Amino acid sequence: MNDSKITKKQYLNVARKFGLTKRELELGYLKVSGFSNRRIAYMLGISEQTVKNHFTSIYEKAWVPGRKEFKDLFLTQ
């Protein structure tokens, strides 16, 4: 469901600069690929609240306020 046209290589080139954990990198790529928190939780076998907690950490590390701004980091590269 990669509707954003962001390749995994593009994503990793930028995302690694933020010091994300392996799990955060995985969740971040799923998010920029267009998956909802609910779908990500289902795919990874974790709760939706756990997904939200991960994204709170991801957005803080990337210095962005939310999903749209996070995705924009990869579209401008």
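Refer to the structure presented above.
How each quantity is defined
Residues numbered from 1 in each chain as written. Predicted model: local features only at pLDDT ≥ 70, side-chain atom pairs only at ≥ 80, totals over all residues. Heavy atoms only, no water. Phe/Tyr/Trp six-rings, centres within 6.5 Å; stacked < 30°, edge-to-face > 60°. Helix = DSSP H or I, 4+ residues; strand = E, 2+ residues; numbered from the N terminus. Lys NZ or Arg CZ within 6 Å of the ring centre and 35° of its normal. Axes fitted to C-alpha atoms, helices over the stretch in contact; angles between N-to-C directions. Parallel < 35°, antiparallel > 145°, perpendicular 65-115°, else oblique. Left-handed = near helix turned anticlockwise from the far one by under 90°. Contact = heavy atoms within 4.5 Å.

A. Expanded view of the packing of aromatic side chains. Applying the stated criterion across every chain yields a total of five aromatic pairs. Ring geometry for Y11 and F74: centres 4.9 Å apart, planes at 40°, overall tilted. Taken together, the positions of Y11 in helix 1 (residues 8–15) and F74 in helix 5 (residues 67–75) put the pair 63 residues apart, joining distant regions of the chain. The structure contains a cluster of three or more aromatic residues connected by ring pairs, namely Y11, Y29, F55, Y59, F70 and F74. Here K31 stacks its cationic end above the ring of F55, 5.1 Å away from the centre of that ring.

B. Just the packing of helix 3 (residues 37–44) against helix 4 (residues 48–62), in detail. Where helix 3 meets helix 4, the closest approach of the two axes is 8 Å, and the angle between their N-to-C directions is 110°. Taken together, the axes of helix 3 and helix 4 are roughly perpendicular relative to one another. The element helix 3 and its partner helix 4 pack so that their crossing is right-handed. Judged by residue contacts, N37, R38, I40 and A41 of helix 3 engage E48, V51, K52 and F55 from helix 4.

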